Protein chains: 2
Amino acid sequence: MIRINKNFSNLKENYIFAEVNKKVRKFKESNKNAELIDLGIGDVVLPIVMPIVKVLEDSVKSISKKKTMHGYGPYEGYKWLRDVISKDYKNRTNFSDLSLKRGLSISIDPDEIFIGPGTKEDMGGILELFDNNQEVLIPDPVYPAYCDTSTIEGFKINFVNAIESENFLATPKKIKPNSSIIYICSPNNPTGAAYTREKLKLWVDFALNSGSVILFDGAYEAFVSEENIVRSIYEIPGSRRCAIEFRSFSKMAGFTGLRCSYVVIPRELKLNETHLIDLWKRRISFKTNGVSYLSQRAAESVYQEDTQLELEKNINYYKENFKTISKSLDSINLKYFGGKNSPYVWVKCSYNKSSWEFFDYLLEKLNIVVIPGCGFGENGEGYFRISCFVEHEKVNQVAEKIKSIF
Amino acid sequence: MIRINKNFSNLKENYIFAEVNKKVRKFKESNKNAELIDLGIGDVVLPIVMPIVKVLEDSVKSISKKKTMHGYGPYEGYKWLRDVISKDYKNRTNFSDLSLKRGLSISIDPDEIFIGPGTKEDMGGILELFDNNQEVLIPDPVYPAYCDTSTIEGFKINFVNAIESENFLATPKKIKPNSSIIYICSPNNPTGAAYTREKLKLWVDFALNSGSVILFDGAYEAFVSEENIVRSIYEIPGSRRCAIEFRSFSKMAGFTGLRCSYVVIPRELKLNETHLIDLWKRRISFKTNGVSYLSQRAAESVYQEDTQLELEKNINYYKENFKTISKSLDSINLKYFGGKNSPYVWVKCSYNKSSWEFFDYLLEKLNIVVIPGCGFGENGEGYFRISCFVEHEKVNQVAEKIKSIF
């Protein structure tokens, strides 16, 4: 009889978000009138902005006509989309509205950019390029999909502490320079911690010295607001020889339901004589048939100036939530981190409660849903994650409720 | 230094479609005025039909408003889409227009249906459920992605002949009953050969006796026109214990650019005590974030009666092409197969020419692009594939040109 992939048995019993959903469902069943406020899953609540909606409407019209119908697109994504992403890396100063200027100017060739359906999908696929008889380094705590994907593919996982005393930023200082595949998520999900250029350089140098490859998850880049915080790993010298960058339109432009992302694989990134970019090109030719034409057109329009101004408003809307939440946490002396460069606030459980105890308390007493920190790794125990992706009205209610904690 | 997945070196040098593109590009460069007719890649040419366009327009409106915005959907796809697919399996006779009735009534629970972004993606992902220290059986000739995906994942590949003397249908008659993962594509790409219930039953019985799992690619199901030809493998008794079915909206409804597909994993399908459906649920939770909301709404509307009538017209439009092509092939006594239950015609090269020789001749002398059969496996040598996804005007020109062959 055919045997299953035995690595499935090494997965943790439950995926944190599934477990939270189960608890919430159960609570709702026995508390039919309770109105829950969900600060759990990091999903946008603001609708697609009008300049993108207009482009989507035009694109739907175009595929309704024979002359402008679009079938299969290129595996790597349409050139017009990769071109505007490349320009965005190069020069964010060409907008007339200077508030849109941010980050450093970086040269990425459009041919080094690959459009995908989502960062989760892209980061899940990239491991196929590597021999699985090797180690991956995963910060703890971090987004659990890295761990699950590496487990299924059969890689050996080493965790790197990213704890409070180090501002929740993993560092290579105490690690032996063995070659590894290194996951870095900055701004980090769940802690909101984000690397300065100086601190990220330590990882780039480590990777270059040890022959490692960095998988840099920049899904939350749009939330970076401090000048010294890295937006792209390619701001760091040498990174083109050791790092792959993943970005998504999900949080930047509310595309969680539209599905569009991209991966950057610099041409210089090679292992012995093999350029990783060539392996990825080969892989996507037999593993995918490209990303929805409508989603790619929508993504292209993200880089219009009118769209950027609207998106900036949305990001600021979510950032307002952080201010509201932080004020109420301050008022009851609950310790928290993140929020400044990310949509997540990472809160320390007080009263010696565990992550799940605090979760249960918030659910049952205050009818607030958060994500228990322990779902993001052992070092997440004793914390919980609050998502700022929520309506102002709701966050105001949360602020009131929080004041009554214990 | 990090090592790459060594299975990449076992891939065939070139993916057939990439190689064809390269030759075509080169020809165009030195023949700037030549007007090529592309009968190569199997991509639809008719636009999205109006009932689907209307639904897409409404869906774009809905995501532009806060109250009806849709972010992340369920990993397995929206229930409303899985419900209508389940109904479609059950009862195609509830349309008032009886021309839409076809196939047998099959019970598939909506919870056994998983929405994906495309059959290529779904079939690429499914192998992750299995221990790779096992054999896959792949018919020769067949769609090359099966082979490439299995190679990258490290499976051992055994080819099963699907040759002219057996009507291009692989049979298990001469195969030792070892447990394997068996790929079956019916109607087949590239040969257009399609299994009768009687012939497919041989494979289902083989799988049950040997503890094998069948991966049934039904991407071309909408083109089945003969009553005794299988539309779904679940028409065969026992198949729920050994088969996974893959289907796509690409060829059925012109979704090659919209990206939507589905996989059926029956609950009874288990290996020892593990239900494959549970592994797949787990896998998609950390490997994907679902399929575009717009694509899923579009897919849902495929099952409306007005949409079905429009899609039927489109399928018939492509079938007309087969009639035109077959007449002209008859007139010059070129032997061909397929076409009746599929959008592909499989033509035998005459004059002792090889697949590539015939390809070059057609490209250079007649300015027609086809796909050389050898790209689909060793047994494809001496044949070429013609796609019926082309405009009538062009196929009429092709018919004229074909008459002048040699």
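Let us look at the structure shown here. From a predicted model like this one, the values you see are computed outputs, not experimental measurements. (Residues numbered from 1 in each chain as written. Chains lettered and ligands numbered in written order. Predicted model: local features only at pLDDT ≥ 70, side-chain atom pairs only at ≥ 80, totals over all residues. Heavy atoms only, no water.)

**Notes on the side chain of threonine 256 of chain A**
For threonine 256 of chain A, the position within the fold is in the loop between helix H7 (249-253) and strand E8 (261-264). A distance of 3.5 Å separates a polar atom in the side chain of threonine 256 of chain A from the backbone nitrogen of tyrosine 72 of chain B. Excluding residues within four positions of it along the chain, threonine 256 of chain A makes contact with Asp43, Val44, Ser250 and Lys251 of chain A together with Gly71 and Tyr72 of chain B. (Helix = DSSP H or I, 4+ residues; strand = E, 2+ residues; numbered from the N terminus. Polar contact = N/O pair within 3.5 Å; in protein donor to acceptor, adjacent residues only side chain to side chain. Contact = heavy atoms within 4.5 Å.)

**Looking at the sheet that holds strand E12 (residues 344-348) of chain A**
Residues and elements named next belong to chain A. Here we have four strands laid out as an open sheet, ordered E11-E12-E15-E14, and antiparallel in their pairing. The strands lining the two open edges of the sheet, one partner per strand, are strand E11 (336-338) and strand E14 (371-372). Looking at chain direction, E14 and strand E15 (residues 383-387) are connected through two bridges and run antiparallel. Within the sheet, the bridge partner assigned to proline 372 lies in E15 and is phenylalanine 384. Lying on the sheet, helix H10 (residues 305-331) is in contact with E11, E12 and E15; it crosses E11 at an angle near 155°. (Pairing = 2+ DSSP bridges. Axes fitted to C-alpha atoms, helices over the stretch in contact; angles between N-to-C directions.)

**Looking at the relation of the copies chain B and chain A**
When chain B is brought onto chain A, the operation consists of a screw motion whose angular component is 180° and whose axial shift is 0.0 Å, with 0.0 Å RMSD remaining. The superposition of one copy onto the other is thereby described by a two-fold rotation axis. In terms of C-alpha distance to the rotation axis, chain B has glutamate 57 of chain B as its closest residue, with the C-alpha 3.2 Å off the axis. Looking at chain B, 98% of its interface residues are interface residues in chain A too, so the copies touch through the same face. (Least-squares fit on C-alpha atoms with pLDDT ≥ 70 in both.)

**Some words on the interface of chain B and chain A**
Of the residues lining the interface, 85 residues belong to chain B; the matching set on chain A comes to 83 residues. Interface of chain B and chain A: buried area, both sides summed, is about 6800 Å²; carbon and sulfur atoms make up 60% of it. If you sort the residues of chain B by the area they bury against chain A, Ile2, Tyr72 and Phe286 of chain B come out on top, with a joint share of 12%. Applying the counting criterion to the chain B and chain A interface returns six salt bridges. When the shortest N-O distance is used, the salt bridge between glutamate 153 of chain B and lysine 287 of chain A registers 3.1 Å. Summed over the shared surface of chain B and chain A, the result is 39 residue pairs in polar contact (both at pLDDT 80 or more). Going through the elements one at a time, helix H2 (50-63), helix H4 (119-126), helix H5 (145-153), helix H7 (249-253), strand E9 (270-271), helix H8 (276-287) and helix H9 (293-301) of chain B are the ones with two or more residues in the side of chain B that touches chain A. Among the residues forming the side of chain B that touches chain A, the class breakdown is 35 nonpolar, 27 polar and 23 charged. (Buried area = accessible area lost by both parts, 1.4 Å probe. Salt bridge = Lys/Arg side-chain N within 4 Å of Asp/Glu carboxyl O. Nonpolar A, V, L, I, M, F, W, Y, C, P; charged D, E, K, R; others polar.)

**Considering the pairing of strand E6 (residues 213-217) of chain A**
Residue and element names in this part refer to chain A. Among the five residues that make up E6, five are buried, leaving the element largely enclosed by the rest of the structure. The alternating pattern of E6 places Val213, Leu215 and Asp217 and Ile214 and Phe216 on opposite faces, both of which are buried. Of the strand pairs in this sheet, strand E5 (residues 181-185) and E6 are connected by five bridges, and their pairing is parallel. Looking across to E6, one finds that cysteine 185 is bridged to aspartate 217. (Buried < 20%, exposed > 50% of the residue type's maximum accessible area, 1.4 Å probe, protein only.)

**A look at helix H4 (residues 119-126) of chain A**
In terms of burial, H4 of chain A is a largely internal element, eight of the eight residues being buried. Three or more residues of H4 of chain A are buried, namely Thr119, Lys120, Glu121, Asp122, Met123, Gly124, Gly125 and Ile126 of chain A.

**Brief notes about a positive patch on the surface**
On the surface, a cluster of positive charge is made up of Lys61 and Lys65 of chain A together with Lys61 and Lys65 of chain B. Its location among the elements puts lysine 61 of chain B in helix H2. (Patch = residues over 30% accessible without salt bridge, like charges linked within 9 Å, V, L, I, M, F, W, Y side chains within 5 Å. Areas by Shrake-Rupley, 256 points an atom, 1.4 Å probe, with all protein chains shown as cover. Lys, Arg positive; Asp, Glu negative; His and termini not counted. Charge placed at Lys NZ, Arg CZ, Asp CG, Glu CD.)

**Here's the deal with the pattern of salt bridges**
All names here are of chain B. By the definition in use, this model includes 52 salt bridges over all chains. One salt bridge connects arginine 240 with glutamate 112, and the closest N-O pair in it is separated by 2.5 Å. Of the two residues, arginine 240 is situated in the loop between strand E6 (213-217) and strand E7 (243-248) and glutamate 112 in the loop between helix H3 (79-90) and strand E2 (113-116); the sequence distance between them amounts to 128 residues. Given the relative accessible area of 6%, glutamate 112 is considered buried.

**Remarks on the sheet that holds strand E4 (residues 156-161) of chain B**
Within a sheet, each strand pairs with its neighbour through backbone hydrogen bonds, oriented either parallel or antiparallel. All names here are of chain B. Pairing in this open sheet of seven strands is mixed, and the strands run E2-E8-E7-E6-E5-E3-E4 from one edge to the other. The sheet is open, and its two edges are formed by E2 and E4, each paired on a single side. Put simply, the sheet's adjacent strands are angled 20° from each other on average, direction ignored. Bridge count between E6 and E7: four bridges; the pairing is parallel. Paired with leucine 215 across the strands is isoleucine 244, a residue of E7. Against the sheet, H8 makes contact with E2, E6, E7 and strand E8 (261-264), and its axis sits at roughly 30° relative to E2, the strand it touches most.

**Quick word on the packing of helix H10 (residues 305-331) of chain B against helix H12 (residues 392-402) of chain B**
Residues and elements named next belong to chain B. Packing of H10 against H12 leaves a shortest axis separation of 9 Å and a crossing angle of 10°. Relative to H12, the element H10 lies roughly parallel. Here Tyr317, Glu320, Asn321, Thr324, Ile325, Ser328 and Leu329 of H10 come into contact with H12, specifically with His392, Glu393, Val395, Asn396, Ala399 and Ile402. For the contact of H10 with H12, the per-class residue count stands at six nonpolar, five polar and two charged. (Parallel < 35°, antiparallel > 145°, perpendicular 65-115°, else oblique.)

**What to know about the packing of aromatic side chains**
Within the structure shown, the criterion is met by 50 aromatic pairs over all chains. Aromatic side chains tyrosine 344 of chain A and phenylalanine 389 of chain A sit 6.4 Å apart centroid to centroid with 85° between the ring planes, which places their arrangement in the edge-to-face category. You can see tyrosine 344 of chain A sitting in strand E12 and its partner phenylalanine 389 of chain A sitting in the loop between E15 and helix H12 (392-402), a full 45 residues away along the chain. Here tyrosine 344 of chain A and phenylalanine 389 of chain A have matching classes, each one buried. Judged by centre distance (4.9 Å) and plane angle (65°), the ring pair of phenylalanine 168 of chain B and phenylalanine 337 of chain B falls under edge-to-face. With phenylalanine 168 of chain B in the loop between E4 and strand E5 (181-185) and phenylalanine 337 of chain B in strand E11 (residues 336-338), this residue pair connects regions lying 169 residues apart in the sequence. An aromatic cluster of three or more residues is present, and its members are Phe17, Phe168, Phe337, Trp346, Phe376 and Tyr383 of chain A. Above the ring of tryptophan 80 of chain A, the side-chain terminus of arginine 297 of chain A is found at 3.7 Å from the ring centroid. (Phe/Tyr/Trp six-rings, centres within 6.5 Å; stacked < 30°, edge-to-face > 60°. Lys NZ or Arg CZ within 6 Å of the ring centre and 35° of its normal.)

**Section: the packing of helix H1 (residues 16-30) of chain B against helix H11 (residues 355-366) of chain B**
Residues and elements named next belong to chain B. At a closest axis distance of 11 Å, the pairing of H1 and H11 adopts a crossing angle of 35°. Relative to H11, the crossing made by H1 is right-handed. Contacts from Ile16, Glu19, Val20, Lys23, Val24 and Phe27 of H1 reach H11 at Trp356, Phe359, Asp360, Leu363 and Glu364. Classifying every residue of the contact of H1 with H11 by side-chain character gives seven nonpolar, no polar and four charged. (Left-handed = near helix turned anticlockwise from the far one by under 90°.)

**Notes on the pairing of strand E12 (residues 344-348) of chain B**
Residue and element names in this part refer to chain B. With four of its five residues buried, E12 lies for the most part within the structure. Following E11, the chain reverses through five residues before pairing antiparallel with E12; glycine 339 in that reversal takes a positive phi of roughly 85°. As judged from the five bridges shared by E12 and strand E15 (residues 383-387), these two strands associate in the antiparallel manner. Bridge assignment links valine 347 to a residue of E15, and that residue is phenylalanine 384.

**Describing the side chain of serine 301 of chain B**
Residues and elements named next belong to chain B. By the element assignment, serine 301 lies in helix H9. Here serine 301 falls in the buried class, since its relative accessible area comes to 2%. Only 2.7 Å separates the side chain of serine 301 from the backbone oxygen of alanine 298, close enough to count as a polar contact. Each residue touching serine 301, except ones within four places of it in the same chain, is listed here: Pro51, Ile52, Val55 and Thr307.

**Comments concerning H12 of chain A**
Residue and element names in this part refer to chain A. Residues of H12 that are buried: Val395, Val398, Ala399 and Ile402. On an axial view of H12, the arc spanned by its buried residues comes to 100°, and they lie on one face. On its buried face, H12 sits against strand E1 (37-38), H10, helix H11 (355-366) and strand E13 (368-369). (Arc of directions from axis to C-beta.)

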